[in-house]
Amino acid sequence: MDKFSKYVGMDVHQETIGERVKTVRRDSLTLGRLHRAGELSAVWVPGEAQEALRDLTRAREDMKHLQRHAKQRLLSFQSRHGHRYTGKSRWTQARRWLEGVTFAHPVQQIVLHEYIDTIRACNRHVASLEQEIERAVQDSPVWPVMEALMALRGISLIAAVTVVAELGDLRRFDDAPQLMAYLGLVPSEHSSGKRERRGAITKAGNSHVRRVLIEAAWTYRHPARKSAILQRRAERTTAQIQEVSWSAQKRLCQRFRHLTARGKLPVQVCTAIARELTGFIWAIGRPARFSTT
C-alpha cells in the first residue's frame, strides 16, 4: 500500500509539472476548450475618441496631483521655519497669508515665491485642462450619459466625464454588483468551511472611477435636499432620471447617517456609500443609448 501511494504521488507530481509548461500549442488547445465550453467572455476595447477623452481626464488628474504636492511642500517649508497658518478657511486666504510672510534671509524669501509660483502654474494647468474637457464633451456622443449622471448628487462634470471615459458603455455590465466588483468596491472574503470572514474592499479594477465616487460619497453627509445647482442639472434630464437621482439622494443620505450612528469610521462610511452610488449610476447609464466609437 505504501508503494502504491508512492507511485500515485509521483504521477500527481509529474502531472503538476506538465501543467506548468507554457507553449503556444498548449495555450491554443486550452483556449479552444474554453471557447467550446462557453467560458470565454468578450473584452471591451475603447475607441480612439474614448481613449482621447480618457487621456484628457487623466492628465487633469495628474496636474491635480502635482498641485497637491506643491502645496504640501510650501506648507512644509513654512512649518520648518515656524510659520504656521492657524486659520480654517480655504486655500485662497491661506495663500494671501503666505504672501505676507517675511524671512530674515533674502534667499529664503526667493524660495517662498518660487513655491508660490509653482502652485500658480499648477492652477493654470488644471484650469486649462478643465476648459478643454468642457469643450471636448459638448460635441461628444456620450454627452447625454454624462448629463444624466450629473443629476446625481456629488457627480460634477469632471466626475461624470471620468466615469464615462473610464467605463465606456455601462450596458456591458449585466447588473450593478458586477460594476461594483469591477471598480473594486466590494469587500474581500477569506472564508473557509462554515466560517465567513470579510475584509477590506478588493481595490481591483479601475482606481480613477473609484476615487471620484468616494469623493462624491462625502457629499451625502448632509441631509437630502434639492439645491439650485442640482435642480438645474436634473431639469435637463428625463423625469425617470430625476426620480432615480432623488431616490438615490434620500437613500444614501439616510444610509450615511445610519452608518455613522453605528460608529463606523468616516472612510468606511464613504466607501459603503460609494458602493451603493455605483448601483444608481448603473441604473441611470444602462438604458442610455450612445456610441463610444
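Values in this document were obtained by computation on a predicted structure and should not be read as measured data.

Asker: Which parts of the structure should I look at to understand the overall build of the protein?
Answerer: When its secondary structure is counted, the protein shows 12 helices and 2 strands. Helices (α) and strands (β) of the protein occur, in sequence order from the N terminus, as α-α-α-α-α-α-α-α-β-β-α-α-α-α. Relative to the 2.2 N^0.38 estimate, which gives 19 Å for 293 residues, the radius of gyration of the protein is 26 Å and therefore markedly larger than a compact globule would have. Its C-alpha atoms give the protein principal-axis dimensions of about 90 × 55 × 45 Å. Expressed as a percentage of its 293 residues, the buried residues of the protein come to 35%. Long-range pairs, those at least 24 residues apart, make up 68% of the contacts in the protein with a sequence separation of at least 6. Within the structure as shown, the protein displays about 18800 Å² of accessible surface, and the carbon and sulfur contribution to it stands at 53%. Here the protein holds 49 positive side-chain charges and 29 negative ones, and the gap between their average locations is 8 Å.

Asker: Looking at this structure, how should I read the nonpolar core?
Answerer: Side chains of a nonpolar character, in soluble globular proteins, are inclined to be buried together. Counting residues in each nonpolar core, the largest one holds 55 residues, and the members touching the most others are M146, L149, L152, I155, L213, L277 and I281. At the level of elements, helix 3 (48-80), helix 5 (106-138), helix 6 (143-149), helix 7 (157-167), helix 8 (176-182), helix 9 (207-217), helix 11 (239-261) and helix 12 (266-285) are the ones that each hand at least two residues to this core. Here the element with the most residues in this core is helix 12; it accounts for 10 residues. When neighbours within four sequence positions are excluded, M146 is seen to be in contact with L53, V137, A160, V161 and V164. Ranked by size, the runner-up nonpolar core spans 11 residues in total, among them A70, L74, W91 and A94.

Asker: Teacher, can you tell me more about the pattern of salt bridges here?
Answerer: For side chains bearing opposite charge, pairing can occur when the charged atoms are close. Under the counting rule described, the total for this entry stands at 11 salt bridges. Here R58 makes a salt bridge to E166, at a shortest N to O gap of 2.8 Å. Of the two residues, R58 sits in helix 3 while E166 sits in helix 7, which places them 108 residues apart along the sequence. Residues R236 and E147 are paired through a salt bridge, measuring 3.1 Å at the closest nitrogen-oxygen approach. Linking R236 in the loop between helix 10 (228-235) and helix 11 with E147 in helix 6, this pair joins segments that are 89 residues apart in sequence. E147 gets classed as buried once you look at its relative accessible area, which sits at 16%. One network of salt bridges, in which partners are shared, links R54, R58 and E166.

Asker: Would you explain a nonpolar patch on the surface in this entry?
Answerer: On the surface, a cluster of nonpolar side chains totalling about 250 Å² of accessible area is made up of L31, L34 and L40. Structurally, L34 can be placed in helix 2 (residues 24-37). On the basis of relative accessible area, L34 is assigned to the partly exposed category, the value being 32%.

Asker: When you look at helix 2 in this model, what are you seeing that I'm missing?
Answerer: Note on helix geometry: an α-helix contains 3.6 residues per turn, so any two residues three or four positions apart are oriented the same way. For helix 2, with 14 residues, the first-to-last C-alpha span of 20 Å sits near the 20 Å given by 1.5 Å per residue. Remark: G38 follows helix 2 within two positions and exhibits a positive phi of approximately 75 degrees.

Asker: So what exactly am I meant to see when it comes to the packing of aromatic side chains here?
Answerer: Any pair of aromatic rings gets described here by the distance separating the centres and the angle formed by the planes. What the rule picks out here adds up to 5 aromatic pairs. Seen in terms of ring centroids, F77 and F103 are 5.3 Å apart; in terms of plane orientation they differ by 40 degrees. Their pairing is tilted. A residue pair is termed long-range when its members are at least 10 positions apart, and F77 in helix 3 and F103 in the loop between helix 4 (91-99) and helix 5 qualify at 26 residues. The residues F77 and F103 share a single accessibility class, namely buried. With centroids separated by 5.7 Å and ring planes inclined at 45 degrees, the aromatic side chains of F77 and Y115 adopt a geometry described as tilted. Of the two residues, F77 is situated in helix 3 and Y115 in helix 5; the sequence distance between them amounts to 38 residues. Residue placement shows R153 over the ring face of Y220; its charged tip is 5.9 Å from the ring centre.

The rules behind the values
- Residues numbered from 1 in each chain as written.
- Predicted model: local features only at pLDDT ≥ 70, side-chain atom pairs only at ≥ 80, totals over all residues.
- Heavy atoms only, no water.
- Helix = DSSP H or I, 4+ residues; strand = E, 2+ residues; numbered from the N terminus.
- Rg over C-alpha atoms; globule rule 2.2 N^0.38 Å.
- Buried < 20%, exposed > 50% of the residue type's maximum accessible area, 1.4 Å probe, protein only.
- Contact = heavy atoms within 4.5 Å.
- Areas by Shrake-Rupley, 256 points an atom, 1.4 Å probe, with all protein chains shown as cover.
- Lys, Arg positive; Asp, Glu negative; His and termini not counted.
- Charge placed at Lys NZ, Arg CZ, Asp CG, Glu CD.
- Core = buried A, V, L, I, M, F, W, Y, C linked by side-chain atoms within 4.5 Å.
- Salt bridge = Lys/Arg side-chain N within 4 Å of Asp/Glu carboxyl O.
- Patch = residues over 30% accessible without salt bridge, like charges linked within 9 Å, V, L, I, M, F, W, Y side chains within 5 Å.
- Expected span 1.5 Å × (residues − 1).
- Phe/Tyr/Trp six-rings, centres within 6.5 Å; stacked < 30°, edge-to-face > 60°.
- Lys NZ or Arg CZ within 6 Å of the ring centre and 35° of its normal.

In short, the description is geometric, and any link to function would need to be established separately.
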